[in-house]
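# An overview of the molecular structure
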Amino acid sequence: MKVSVKDREGFFKELEVEVEGDVVKSTLDDVYRYLKESVQVEGFRRGQAPLWIIKARYKDRIEEEVGKKVADKTLKLAIEESKLEPVADIYLEHIKLEEDIPRLRYRVSFEVPPEFELKEIEGIEVEVPKIEFSEKLVKDRIEELREEHAIWEPVEREIKDGDMVSIEYHIKDTESGETVSGDTSGIVGQGMFREEIDKALVGKREGDQMNFEDLPLYDTSGEQVGKAEVSIVIKGVKEKVLPEVGDDFAKETGLAENWHELEEKIREEVKESIDRLKRSALEEAVVKKLVELHNIGVPQTLLSREVSQLVQLRVSQLSQYGIDTRYLDYRAMAQELLPQAAFNIKIRYVLEKYAKEKGIEVKDEEIQKKYEEISKQYGKSPEELKDIKGIIRQDILREKALNDIIKKVFVKEVEEKKDEGTV
């Protein structure tokens, strides 16, 4: 087997592979045999057509099938010989079969990880907000609790951001003519409706109708897949009402019998959470600093995959609100999540490189412990999680690398800036 590598634009590499001998001959024989037994050639019974007719009539198909099968058998070894590491999809671009020899040449392309030097990390300074117990934190937690127990009450007024709106929709695909009708609801101004619909809802009232012509439809990768005519009737408008603090609210939470008791519990909860808040702020500051220090490019195929995963997560969250996710603006959502996707990839590269250079390893017992934690959290057995063993190992590796880095940085606590006008 002969393997040659060529550089392409960005992080793409081209791999040219030449294979000849038994692996090509045996694959050819398998394809010949399959076609001879399965295809129907006019004038011959199935399986009785001469091989030379099969070869002539199905030349392109034979080349494609043999190329794919030989590539499946040899590509892994070819990549190992090239000492390259594909980061995502591998594209089979060209196949050339010489049956008489027999010899096959095929070409694939893929992206590889960025090359970068790890910066000196020990002693770098990171700024974190100074977090100490304060009554403000208590008030913030009380507001969070009120939000968790908020109720939605109908209102008769114009719609504004933050309102929950119920709609009846009728959608017609302009190409296929397919129609879909249904009911859904969402909160205006929070990306639960498409941007065009979200903006149009503001100022409308219950009973109003809105029509949209040639509304573009996108798939989860942000590619336009068609257009639709959309008709919407507003069925109801509700505003969020927060409960008033007091004994009734305390009882409603199920945490205490009166307000004084609940407030003291919240105060103790906040005190106990200070260390967690500090750790979270520190980790956030360190990973942000690491990405800033390392000017790393991001392979586009990997970026697309990461964006797609983030979009699917967002869609899953929106579906829990009862949103019909088929007609979300996936392109806008993908654009919004693009910076986060790039950040996620960059920090993974930095932490993995640090772990490799520092000889950080993951022990089997650490993986087993993580298995048990995940199985309890999601109600799955460790056996059901075996397919994500590699992912779990990498997660633990990056976590250990981050912990090691945090020990070596200089942490500077800074007072949080007060909003203008705050006394």
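Going by the structure above, here's the rest.
Rules of the game
- Residues numbered from 1 in each chain as written.
- Predicted model: local features only at pLDDT ≥ 70, side-chain atom pairs only at ≥ 80, totals over all residues.
- Heavy atoms only, no water.
- Pairing = 2+ DSSP bridges.
- Helix = DSSP H or I, 4+ residues; strand = E, 2+ residues; numbered from the N terminus.
- Axes fitted to C-alpha atoms, helices over the stretch in contact; angles between N-to-C directions.
- Contact = heavy atoms within 4.5 Å.
- Parallel < 35°, antiparallel > 145°, perpendicular 65-115°, else oblique.
- Nonpolar A, V, L, I, M, F, W, Y, C, P; charged D, E, K, R; others polar.
- 1 Å grid on protein atoms, 1.4 Å probe; cavity = no way out; pocket = protein on both sides within 12 Å on 5 of 7 lines; lining within 4 Å.
- Points joined across faces, edges and corners; volume = space filled by probe spheres on them.

Moving on: the sheet that holds strand S1 (residues 2-7). Strand pairing in a sheet is mediated by backbone hydrogen bonds. Such pairs are either parallel or antiparallel. The antiparallel open sheet is built from four strands, whose spatial order is S1-S2-S4-S3. The open sheet has two edge strands, S1 and strand S3 (90-98), and neither has a second partner. For this sheet the average axis-to-axis angle between neighbouring strands, irrespective of direction, equals 15°. Relative to strand S4 (residues 103-111), strand S2 (residues 12-20) is paired through nine bridges, and the arrangement is antiparallel. Residue pairing across strands places Val 19 opposite Leu 104, the latter belonging to S4. Along the sheet face, helix H1 (residues 22-38) touches S2, S3 and S4 and points at about 80° away from the line of S2.

To continue, consider the packing of helix H9 (residues 330-357) against helix H11 (residues 389-408). Taken N-terminus to C-terminus, the directions of H9 and H11 make an angle of 80°; their axes are 9 Å apart at the nearest point. By the angle between their directions, the pair H9 and H11 is classed as roughly perpendicular. Counted together, Arg 348, Leu 351, Glu 352, Tyr 354 and Ala 355 of H9 and Gln 394, Leu 397, Arg 398, Ala 401, Leu 402, Asp 404, Ile 405 and Lys 408 of H11 form the full contact between these two elements. When the residues that make up the contact of H9 with H11 are grouped by side-chain class, the tally is seven nonpolar, one polar and five charged.

The next point concerns the layout of surface pockets. Of the voids in this model, the largest pocket is the one considered here, and its volume is about 950 Å³. What lines the largest pocket is a set of 27 residues, among which Glu 85, Val 87, Pro 113, Tyr 349 and Glu 352 lie closest to the centre. Mapped by element, the contributors of at least two residues to the lining of the largest pocket are S2, helix H8 (300-319) and H9. No other element matches H9, which puts six residues into the lining of the largest pocket. Within the lining of the largest pocket, the residues separate by chemical class into twelve nonpolar, two polar and 13 charged. Each pocket or cavity is described by its volume, and for the second largest pocket that value is around 550 Å³. Among the secondary structure elements, those contributing two or more residues to the lining of the second largest pocket are H8, H9, helix H10 (364-378) and H11. In terms of residues, the lining of the second largest pocket owes the most to one element, H9, which gives six residues. For the lining of the second largest pocket, a count of residues per class yields eight nonpolar, three polar and six charged.

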